[in-house]
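Residue-level listing of the chains:
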Amino acid sequence: MKKYQFTINGSKYDVVVNDVDQDVAEIEVNGTPFTVEIAREKKTINVPLRKQAGKVATPTVASALTTATKAISIKSPLPGSIMKVLVEVGQKVKRGDVLMTMESMKMENNIMTEYDGVVKAIHVSVGKSVMQDDLLIEIEGSESVQTVAQPAAAPVSQPVAQPVAKPAPKASAESIKAPLPGSIMKVLVTPGQAVKRGDVLLTMESMKMENSIMAERDCTIKAVHVEVGKNVMQDDVLVDIE
């Protein structure tokens, strides 16, 4: 259990992190319990090769385990503003190192790496405002890659023509969903209204804090699914844009 205390606009909030189970955290804010989902990047697990014991009379398949580099992109988990950049290009980092801090939802958040590697590029600077999924840092990590050489005499099977399924037409509409449970405080747009990237669409109260829901790109409001005073759950649709 970890305890934190935040002071926001003169009000004090006692935050207790009771338990973290994989991607779900159980927290309390001033005694009120919340269940928070944590977005994490998927990890690739490299399976080591097992050696075959004894001699094999049949043709063998030669395999090798080599090390290759891969580019890892670290993106912003939420809209916010960069407060500190703690690394520089060319610096070596280890899993769990803090790369930068950013202010989001009136709280300071540490952006950490889940991989060992070298900082390849930094795409933000102190004071810059970012949207969710904006690229923050690129890291060049390493992973093991198995290469397999097939026998030269292996029979070649003739390809069978398969019917090609036409991809379904991509919908132009996109839904903006609630990032956390809360209550709608203001709705600032109407259907048919044109908005730009970064414009505030609505505000909602969540965890006793006011949060602005912003457009991540230039678009037009197609539909508004909430009104002032409505309670929403995480991932409820707020606004459709196109």
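Residues numbered from 1 in each chain as written. Predicted model: local features only at pLDDT ≥ 70, side-chain atom pairs only at ≥ 80, totals over all residues. Heavy atoms only, no water.

### Some remarks on the sheet that holds strand 11 (residues 129-130)
The test is simple: At least two DSSP bridges between two strands are needed for those strands to be called paired. Secondary structure follows DSSP: runs of H or I at least 4 residues long count as helices, runs of E at least 2 residues long count as strands, and numbering of each begins at the N terminus.
Taking strand neighbours across the sheet as the criterion, the 4 strands line up as 9-8-6-11 in an open arrangement whose pairing is antiparallel. Two strands lie at the open edges of the sheet, namely strand 9 (107-112) and strand 11, each paired on one side alone. Relative to strand 11, strand 6 (residues 80-85) runs antiparallel, the two being bridged by 2 bridges. When the sheet's bridge partners are listed, Ser81 is paired in strand 11 with Ser129.

### Things to note about the environment of Glu88
This is how it is decided: Note on definitions: a residue-residue contact is assigned when non-hydrogen atoms from the two residues lie within 4.5 Å.
In this structure, Glu88 sits in the loop between strand 6 and strand 7 (92-93). For the pair formed by Glu88 and Val118, sequence separation is 30 residues and the distance between their alpha carbons is 9.5 Å. Residues within four places of Glu88 in sequence aside, it is in contact with Val119 and Ile122.

### A few points about the side chain of Ser183
What counts, and what does not: Burial here depends on accessible area, computed with a 1.4 Å probe over protein chains only, as a share of the maximum for the residue type. Under 20% is buried, over 50% is exposed, and the range in between is partly exposed.
Here Ser183 is to be found in strand 14 (residues 182-187). Accessibility expressed as a relative area gives 18% for Ser183, which makes it buried. Among all residues touching Ser183, those that are not within four sequence positions of it are Met204, Glu205, Gly229, Lys230 and Asn231.

### What about the sheet that holds strand 15 (residues 194-195)?
With respect to topology, 4 strands assemble into an open sheet ordered 13-20-18-15, the strand pairing being antiparallel. Unpaired on one side and paired on the other, strand 13 (174-177) and strand 15 mark the two borders of the sheet.

### A short note on the pairing of strand 8 (residues 98-104)
Side chains on a regular strand alternate between the two faces of the sheet. With respect to burial, strand 8 is a largely interior element, 5 of its 7 residues being buried. In this sheet, strand 8 lies alongside strand 6 in antiparallel orientation, the contact comprising 4 bridges. Its bridge partner lying in strand 8, Val85 is registered against Met100.

### Side note on the nonpolar core
Quick reminder of the rule: The nonpolar core is taken to be a set of buried Ala, Val, Leu, Ile, Met, Phe, Trp, Tyr and Cys residues, with the residues joined through side-chain atoms within 4.5 Å.
Membership of the largest hydrophobic core comes to 17 residues, with the highest contact counts inside it found for Ile184, Val195, Leu201, Leu202, Ile221, Val232 and Leu238. Val87, Ile111, Val119 and Ile139 belong to the second-largest nonpolar core, a separate cluster that totals 16 residues.

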